[in-house]
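Listed below are the residues making up each chain.
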Amino acid sequence: MKKFLLTASAAALALAASAGYAAARDQIQIVGSSTVFPFTTAVAEKLGQSGKIKTPVVESTGTGGGMKLFCQGVGENTADFTNASRAIKDSELKTCKANGVTPVEIKVGFDGIVLANSKAGTVVDLTKEQIFKALAKNVAVDGKVVPNPYKNWSDVDASLPATKIEVLGPPPTSGTRDAFVELVMDAACQEEVKAANEKGCGEIREDGAFVEAGENDNLIVQKLEANPNAFGVFGFSFLDQNADKLQGHKVDGVEPTFENIASGDYGVSRSLFVYAKKEHVGVIPGMQEFIAEYTSEAAWGPDGYLADKGLIPLPDAERAKWAEDAKALKGMGS
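Criteria and thresholds
Numbering of residues begins from 1 in every chain and follows the order in which that chain's sequence is written. With the structure being a predicted model, the display of local features is reserved for residues of pLDDT at least 70 and the display and counting of side-chain atom pairs for 80 or more, all residues being used for whole-chain, interface and lining totals. Excluding hydrogens and water, the side-chain figures rest on all heavy atoms present in the structure. Salt bridges, as used here, are contacts in which a Lys or Arg side-chain nitrogen is within 4 Å of a carboxyl oxygen on Asp or Glu. Each helix is a run of DSSP H or I of at least 4 residues and each strand a run of E of at least 2, with the numbering of both proceeding from the N terminus. Each helix should span, by expectation, one fewer than its residue count multiplied by 1.5 Å. For every residue, the accessible area obtained with a 1.4 Å probe (protein chains only) is divided by the maximum for its type, and the residue is called buried under 20%, exposed over 50%, and partly exposed between those limits. The arc in question is traced by the directions running from the helix axis to the C-beta atoms. The contact criterion used is simple: two residues touch if any of their non-hydrogen atoms lie within 4.5 Å. The rule for pairing is simple: two strands pair if DSSP sees at least two bridges between them.

1. Here's the deal with the pattern of salt bridges
Here is step 1: Applying the stated criterion across every chain, the model contains 13 salt bridges.
Here is step 2: Between glutamate 297 and arginine 319 there is a salt bridge, with the nearest N and O atoms lying 2.9 Å from each other. On the criterion of sequence distance, the pair formed by glutamate 297 in helix α14 (residues 297-300) and arginine 319 in helix α15 (residues 316-327) is long-range, its members being 22 residues apart.

2. Here we look at α15
Here is step 1: Between the first and last C-alpha of α15 there are 17 Å, a value that for 12 residues agrees with the 16 Å anticipated at 1.5 Å per step.
Here is step 2: Those residues of α15 that fall on the buried side of the exposure criterion are Arg319, Trp322, Asp325 and Ala326. The buried residues of α15 occupy one face: seen down the axis, they fall within an arc of 135°. Exposed side of α15, more than 90 degrees from the buried face: Asp316, Ala317, Glu324 and Lys327 are the residues found there.
Here is step 3: Buried residues along α15 sit in contact with β4 (103-118), α13 (287-294) and α14.
Here is step 4: One or two steps after α15, the chain reaches leucine 329, where phi turns positive at roughly 55°.

3. Concerning the side chain of serine 237
Here is step 1: Mapped onto the elements, serine 237 comes out in helix α11 (residues 236-241).
Here is step 2: Judged by relative accessible area, serine 237 falls into the buried class, the value being 2%.
Here is step 3: The residues touching serine 237, leaving out its near neighbours within four places in the chain, are Thr35, Pro38, Phe39, Asp111, Lys309 and Gly310.

4. Notes on unusual backbone geometry
Here is step 1: Phi is positive for aspartate 142, which is not a glycine, with a value near 50°.
Here is step 2: Secondary-structure assignment places aspartate 142 in the loop between β6 (138-141) and β7 (144-147).
Here is step 3: A relative accessible area of 79% means that aspartate 142 is categorised as exposed.

5. Notes on the pairing of β4
Here is step 1: Most of β4 is tucked away, with 16 of its 16 residues classed as buried.
Here is step 2: Across nine bridges, the pairing between β4 and strand β13 (residues 269-277) is antiparallel. Its bridge partner being in β13, glutamate 105 is matched across the sheet by tyrosine 275.
Here is step 3: Relative to strand β10 (residues 231-235), β4 runs antiparallel, the two being bridged by five bridges. Along β10, the bridge assignment pairs valine 114 with phenylalanine 234.
Here is step 4: Bridge analysis of β4 against strand β11 (residues 246-248) gives three bridges, and the strand direction is antiparallel. Its bridge partner being in β11, alanine 116 is matched across the sheet by glycine 248.

See below:
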């Protein structure tokens, strides 16, 4: 407790050192994952409409970019929260601690990573092995590891359409990409590629078959509508919100639906997080109100407004535990 008071006081001093902090920063600032962005924005707008606090500013910077901004220090010029579509990395936590930042980790729900295309396009049923062979930088052919030679999906497997491999996906700063690499590329990596280079499994091809589409998932949706032969990789919520335009595809025979992701049957799903900066609580107005709203049943419960936006709720007991830890501001490493 003593330590918290000291760190909180240090934060207050750092903020006060910037002239007119109260007037300049009466609004929470949030950065991070584009996947978590719509959920956090919904919470921010709900709070703003209630009149309890000024509507927080939410910016989509990608999970990696958000962590960098969040961990850079304490003070009014640094973010109060960051969204993340994967857990914080050890290296990021080390940076946070070195800069006097104590993250409060809040797991807010689950999400599936989907492979989708325009409803005008072909329906496919892919295995993780087929996806790896289509998107890996290097693959094994006749026992030798070579630069990916496959141009069309039918080159990967004759049962797939004879159309050009073109997949729009997240950049390296994205947590969605990190999770995709872990859940698909690492999981389906060929033994020869693994043996040739430990990092080889996660290397995505750079010859135009995979197109880094930035952190704007809405832009990917527009591009898929314009090109029915292209596929996109993004979070389930964007498929759910654009169900009139896009179709998701089975992976290993399982459809990416709310029920299949919640049950764990869909094999490409991950946890989503929000991290609060403990040193800013009690200094930046509204942080506790924001945490309380996000972890309320009205927001993240099975019938909450975030489920309507595609967030897959945590099980009841897990939600209760994370809500309790968040309310207690249980900091990582403190």
